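Structure at a glance
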Amino acid sequence: MPLPDRRAEVLAIAAELFARKGVPGTSMRDLGEATGLHPGSLYHYFRSKEELIGTILDQLMSDVQARFAAAAAHSHTPLERITNLIRVTLNVIDTHPHATAIYQNDRRYLRDRQMLVQIDEASRRIRHYWLDALAEGASDGSIRADVPGIFIYRTIRDALWASARWPERADHDPGEFTEWMCRLLLAGIVPADPAAAADVAGYRGVPS
């Protein structure tokens, strides 16, 4: 049986290569050259390029799920929960830059080949962390109720994941960048209430 650490090494190299060259432009021969393995030897670790990609994306979504569950457990109010979800999403992007790039850059290619079925199912489960918090916040008055929660969720989600492509992001400390994003995004979802705005400006959440 292949050694687990060697398998993890192959997976890490493959993720970087897919992110840099794109999934369609990366062959098993390319992976063999990058890992120092004969293409045939790669099949001892992964049966196909599709299995490699699936494993990379599964690891990404598993980490998101675990971090979201922890963030929810450490949150006492809907607004705190949203703040913590913003924080952990940005942390996941920094932790998995190659998987993030693969999903963003080659999503249509992967979906056309039915390679995102499990990822889409995981995404639908994960989004309820956002939607439940938004619904609870709209109910207790801590989050604006004049905009449908699904629109708020999509706006926040898209802004966070799109930030992975911002060239300026690399010029700033991740913690500082996270604080800025929290301020910008939270300011748009609280009611027009000075007290609520002050709470958002001073809230720091739990460590991600």
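Structural data are supplied above this passage.
The numbers attached to residues start from 1 for each chain and follow its sequence in the written order. Local features in a predicted model are, by the rule used here, given only for residues with pLDDT of at least 70; side-chain atom pairs are given and counted only at 80 or more, and totals for whole chains, interfaces and linings are based on all residues. The side-chain values count all of the structure's non-hydrogen atoms but skip hydrogen atoms and water molecules.

Let us now look at the nonpolar core. Looking at soluble globular proteins, one finds that nonpolar side chains tend to be buried together. Membership of the largest hydrophobic core comes to 57 residues, with the highest contact counts inside it found for Phe18, Leu57, Ile82, Ile86, Trp130 and Ile156. Secondary structure is summarised from DSSP: a helix means a run of H or I of at least four residues, a strand means a run of E of at least two, and numbering begins at the N terminus for each. When contributions to this core are tallied by element, the ones reaching two or more residues are helix H1 (4–21), helix H2 (28–35), helix H4 (49–73), helix H5 (78–95), helix H6 (97–105), helix H8 (117–140), helix H9 (149–162) and helix H10 (174–187). Of all the elements, H4 adds the most residues to this core, at nine residues. Once residues lying within four places of it in the same chain are set aside, the contact partners of Trp130 are Phe68, Ile82, Leu85, Ile86, Thr89, Tyr153, Ile156 and Leu160. Here, nonpolar core means buried Ala, Val, Leu, Ile, Met, Phe, Trp, Tyr and Cys residues that are tied together by side-chain atoms lying within 4.5 Å of each other. Only protein chains enter the accessibility calculation, which uses a 1.4 Å probe; a residue is then buried when its area is under 20% of its type maximum, exposed when over 50%, and partly exposed in between. Residue contacts are defined here by distance: any two heavy atoms, one from each residue, within 4.5 Å place the two residues in contact.

Let us look at the side chain of His96. By secondary structure assignment, the location of His96 is in the loop between H5 and H6. For His96, a relative accessible area of 18% puts it in the buried group. Within the structure, His96 has its side chain in polar contact with the side chain of Asp63 (distance 2.7 Å). If we ignore the near neighbours within four places in the chain, the residues touching His96 are Gln59, Leu60 and Asp63. Two N or O atoms form a polar contact when they lie within 3.5 Å of each other; inside protein one atom must be a possible hydrogen donor and the other a possible acceptor, and for residues adjacent in sequence the pair counts only when both atoms belong to side chains.

So, on to H5. One fewer than the residue count of a helix, multiplied by 1.5 Å, yields its expected span. Here H5 spans 25 Å end to end across 18 residues, near enough to the 26 Å set by a 1.5 Å rise per residue. Counting buried positions along H5 gives 15 out of 18 residues, so the element sits mostly inside the fold.

To continue, consider the pattern of salt bridges. Salt bridge, as applied in this entry: a Lys or Arg side-chain nitrogen positioned within 4 Å of an Asp or Glu carboxyl oxygen. Evaluation of the coordinates by the stated rule reveals eleven salt bridges. With a closest N to O distance of 3.3 Å, Lys21 and Asp30 form a salt bridge.

Before going further, it helps to examine the environment of Asp132. With respect to the helices, strands and loops of the structure, Asp132 is situated in helix H8. Under the relative-accessibility criterion, Asp132 is labelled partly exposed at 40%.

Each Phe, Tyr or Trp ring, with Trp reduced to its six-membered ring, pairs with another whose centre is within 6.5 Å; inter-plane angles below 30 degrees give stacked pairs, above 60 give edge-to-face pairs, and intermediate values give tilted ones. The final tally for this structure, using the stated rule, is four aromatic pairs. Here Trp166 and Phe177 contribute two aromatic rings whose centre-to-centre distance is 6.0 Å and whose plane-to-plane angle is 75°, an arrangement assigned as edge-to-face. In this pair, Trp166 is assigned in the loop between H9 and H10 and Phe177 in helix H10, connecting sequence segments eleven residues apart. Given the relative accessible area of 6%, Phe177 is considered buried.

A few words on the packing of H4 against H8. Packing of H4 against H8 leaves a shortest axis separation of 10 Å and a crossing angle of 15°. Taken as axis vectors, H4 and H8 run roughly parallel relative to one another. Two packed elements cross with a definite hand, and for H4 against H8 that hand is left-handed. Within the contact between the two elements, H4 uses Leu57, Asp58, Met61, Val64, Gln65, Phe68, Ala69 and Ala72 and H8 uses Gln118, Ile119, Ala122, Ser123, Ile126, Tyr129 and Trp130. Amino acids are sorted into nonpolar (Ala, Val, Leu, Ile, Met, Phe, Trp, Tyr, Cys and Pro), charged (Asp, Glu, Lys and Arg) and polar (every other residue, Gly among them). Class assignment of the residues belonging to the contact of H4 with H8 gives a composition of eleven nonpolar, three polar and one charged. Lines fitted to the C-alpha atoms define the axes, with helices restricted to the stretch that makes contact. Angles between their N-to-C directions range from 0 to 180 degrees. When describing relative orientation, an angle under 35 degrees is termed roughly parallel and one over 145 degrees roughly antiparallel, while 65 to 115 degrees is termed roughly perpendicular and anything else oblique. Handedness of a crossing is defined here by the sense of rotation of the near helix relative to the far one, left-handed for an anticlockwise turn of less than a right angle and right-handed for a clockwise turn.

Among the secondary structure elements, Ile156 is positioned in helix H9. In this structure, the C-alpha to C-alpha distance between Ile156 and Cys182, residues 26 residues apart in sequence, is 10.0 Å. Those residues in contact with Ile156, other than ones at most four positions away along the chain, are Ile82, Ile86, Trp130, Leu185 and Ile189.

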